[in-house]
Amino acid sequence: MNGKADMEAERSSLWRNVRLATLREDLGPLGIVEAGAVAVRDGRIVYAGAEADLPSCLSSPDRMIDCEGRWMTPALVDCHTHIVHGGNRAREFQLRLEGATYEEIARAGGGIVSTVNATNALSIDELVEAALPRLDTLLSEGVATVEVKSGYGLNVEAELNMLRAARKLAQVRPVRIVTSYLAAHATPPEYKGRNADYIDDVVLPGLSRGHAEGLVDAVDGFCEGIAFSPAEIARVFDRAKAFGLPVKLHAEQLSDLGGAKLAASYGALSADHLEYLDADGAAAMAKAGTVAVLLPGAFYTLRETRLPPVEALRAAGARIAIATDSNPGTSPLTSLLLTINMSATLFRLTLEECLAGVTREAARALGILGETGTIEAGKSADLALWDIEAPAELIYRIGFNPLSELIFKGERIAR
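Since the structure is predicted, the reported quantities are computational estimates derived from the model, not experimental observations. (Residues numbered from 1 in each chain as written. Predicted model: local features only at pLDDT ≥ 70, side-chain atom pairs only at ≥ 80, totals over all residues. Heavy atoms only, no water.)

(A) Just the environment of L14, in detail. Looking at where L14 falls in the secondary structure, it is placed in strand β1 (residues 12–21). In this structure, the C-alpha to C-alpha distance between L14 and R63, residues 49 residues apart in sequence, is 6.4 Å. The contacts of L14, once residues within four sequence positions are left out, are A37, V38, A39, L54, L58, P61, R63, M64 and I65. (Helix = DSSP H or I, 4+ residues; strand = E, 2+ residues; numbered from the N terminus. Contact = heavy atoms within 4.5 Å.)

(B) Spotlight on the pattern of salt bridges. Per the counting criterion, the structure on display carries 32 salt bridges. As a salt-bridge pair, R19 and E34 come within 3.1 Å of each other at their nearest N and O atoms. Note that R19 is positioned in strand β1 and E34 in strand β2 (residues 32–41), a separation of 15 residues in sequence. On the accessibility criterion, R19 (26% relative accessible area) is partly exposed. Measuring nitrogen to oxygen at the nearest pair gives 3.6 Å for the salt bridge that ties R364 to E25. Taken together, the residues R364 in helix α14 (residues 360–365) and E25 in the loop between β1 and β2 connect sequence positions 339 residues apart. (Salt bridge = Lys/Arg side-chain N within 4 Å of Asp/Glu carboxyl O. Buried < 20%, exposed > 50% of the residue type's maximum accessible area, 1.4 Å probe, protein only.)

(C) Expanded view of empty space enclosed by the protein. This model, assessed by the stated rule, comprises one cavity of 30 Å³ or more. In this structure, the largest cavity encloses a volume near 110 Å³. As for the largest cavity, its lining consists of 14 residues, and the residues nearest its centre are H82, Y102, H185, N327 and T330. Looking at the lining of the largest cavity, its residues break down into four nonpolar, eight polar and two charged. (1 Å grid on protein atoms, 1.4 Å probe; cavity = no way out; pocket = protein on both sides within 12 Å on 5 of 7 lines; lining within 4 Å. Points joined across faces, edges and corners; volume = space filled by probe spheres on them. Nonpolar A, V, L, I, M, F, W, Y, C, P; charged D, E, K, R; others polar.)

(D) Focus on the UniProt feature "binding site: Fe(3+)" (unreviewed entry) in the chain. In the numbering adopted here, UniProt assigns the feature "binding site: Fe(3+)" (unreviewed entry) to H80, H82, H250 and D325. Spatial clustering of the annotated residues is evident: they stretch over 246 residues in sequence, but the largest pairwise C-alpha distance comes to 12.5 Å. The subset of these annotated residues that lines the largest cavity comprises H80, H82, H250 and D325. The topology assignment puts H80 in the loop between β6 (76–78) and α1 (90–97). H80 has contacts with E147, K149, H250, D272, V293, L295, A323, T324, D325 and S326, leaving out every residue within four places of it along the chain. Separated by 3.2 Å, the side chains of H80 and H82 make a polar contact. Checked against the element boundaries, H250 lands in strand β10 (residues 248–251). With near-sequence residues (within four places) excluded, H250 lies in contact with H80, H82, K149, L182, D220, G221, F222, C223, D272 and H273. Separated by 3.3 Å, the side chains of H250 and D220 make a polar contact. (UniProt positions renumbered as here; feature names shortened; annotations may be inferred. Polar contact = N/O pair within 3.5 Å; in protein donor to acceptor, adjacent residues only side chain to side chain.)

(E) Representation of the UniProt feature "binding site: Zn(2+)" (unreviewed entry) in the chain. As annotated in UniProt, the feature "binding site: Zn(2+)" (unreviewed entry) corresponds to H80, H82, H250 and D325 in the numbering used here. Considering the arrangement of structural elements, one finds D325 in the loop between β13 (320–322) and α12 (336–347). Those residues in contact with D325 that sit more than four places away from it in its chain are H80, T81, H82, H273, L295, A298, T330 and S331.

(F) Just the packing of helix α4 (residues 124–139) against helix α5 (residues 156–172), in detail. One can describe the packing of α4 onto α5 by two numbers: an axis separation of 9 Å at closest approach and a directional angle of 55 degrees. Here α4 is positioned oblique relative to α5, judged by the angle of their axes. Both α4 and α5 take part in a crossing whose hand is right-handed. Contact with α4, carried on its side by I124, D125, L127, V128, A131, L132 and L135, involves N161, M162, R164, A165, K168, L169 and V172 of α5 and no other residues of that element. In the contact of α4 with α5, the residues fall into 10 nonpolar, one polar and three charged. (Axes fitted to C-alpha atoms, helices over the stretch in contact; angles between N-to-C directions. Parallel < 35°, antiparallel > 145°, perpendicular 65-115°, else oblique. Left-handed = near helix turned anticlockwise from the far one by under 90°.)

(G) Broad picture of α4. For α4, with 16 residues, the first-to-last C-alpha span of 21 Å sits near the 22 Å given by 1.5 Å per residue. Its maximal kink placed at L132, α4 deviates by approximately 40 degrees, while the proline P133 follows within four residues. Within the span of α4, buried status applies to L127, V128, A131, L132, R134, L135, D136, L138 and L139. (Expected span 1.5 Å × (residues − 1). Bend = angle between axes of the 7 residues up to and from the residue.)

(H) Layout of the pairing of strand β11 (residues 270–273). One ladder, built from four bridges, connects β10 with β11; its direction is parallel. Its bridge partner being in β11, A251 is matched across the sheet by H273. Read from β10 through helix α8 (residues 259–265) to β11, the crossover connection turns out right-handed. Both β11 and strand β12 (residues 291–294) contribute to a ladder of three bridges, which runs parallel. (Pairing = 2+ DSSP bridges. Right-handed = clockwise from strand over helix to strand, strands pointing away.)

Structure below.
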């Protein structure tokens, strides 16, 4: 993808003769509308429904596109990524093939910390250049919104530079970037055994500066035995709440420390990973409206055997989203289409759970469902047009990209 929008985008557009999977819950599974139409004005949807019911005032737009019976979904949302970073961790991948565990690698000084030097060696512009191939791959599969975390700087300026680079991505590509401040991701070697000091010296001051600079959309943390305890994460969340920032959490990936319940107690947007989540945690998340973000790429890469408790999440009524977790160590994955295939195959998610998980529920997990994630009047015209005969093809195929066209804020993006 060259990232350039169609420069001839007019003020009003109409996509007609299209089959819609709107993901509106009031329209039944997938929110399907056969023989549909989508009218857009100034980048926002003004009508989405049956073409036969299209108001006459919208029938003569500046531009009309005959979709020839193709399927249209909301543009996809990747709600958990770490695409801004330097270097790679192919050597650690090799070590895992030879039998080392993620925890063993981390405790030996690898894992997250091993990416820090490579990331800190890059300028903001160099971080942008390093991230663009990963971002372009996502966009080429119909993704229009990407969450980007910090967390590989582990000092104040480096963490902020990651967020500055993330913001700049939205200036050089037609994409919505949502940032998460993740300085509480790991403890650098100089703070080994001194998590509290690291929080005092780096995490909280960096959060204050990032918030003042407008770099932070949400605050994240890694609650694990190899990272931060619930009490330590609570200190970070307290500061986030003081700034009026939403929170989210990497929780219950390797053990059950009660991170999901902690996140729910703060009204978190999401808790992510969740392989060791128990039924009480699932219930707490459902009650708080905290979305469960499942990350099959990490499960696959780490060759995990403990599945996230999908049935417990369903029974509790928790919302489920899906994301790539694109990162250099545990999920070097930049295909959201492959991610949903993994979710169905490995986690046994249904068709509707998979498609909702990368549209409606992913937008919910970012707190932007009012803006994107479904096809309905009033929302941003973020749309994906697919050369498929049925929505199940988006999940069923492996290594196949049927995207015909990506539309972001009403503008047609060259694939």
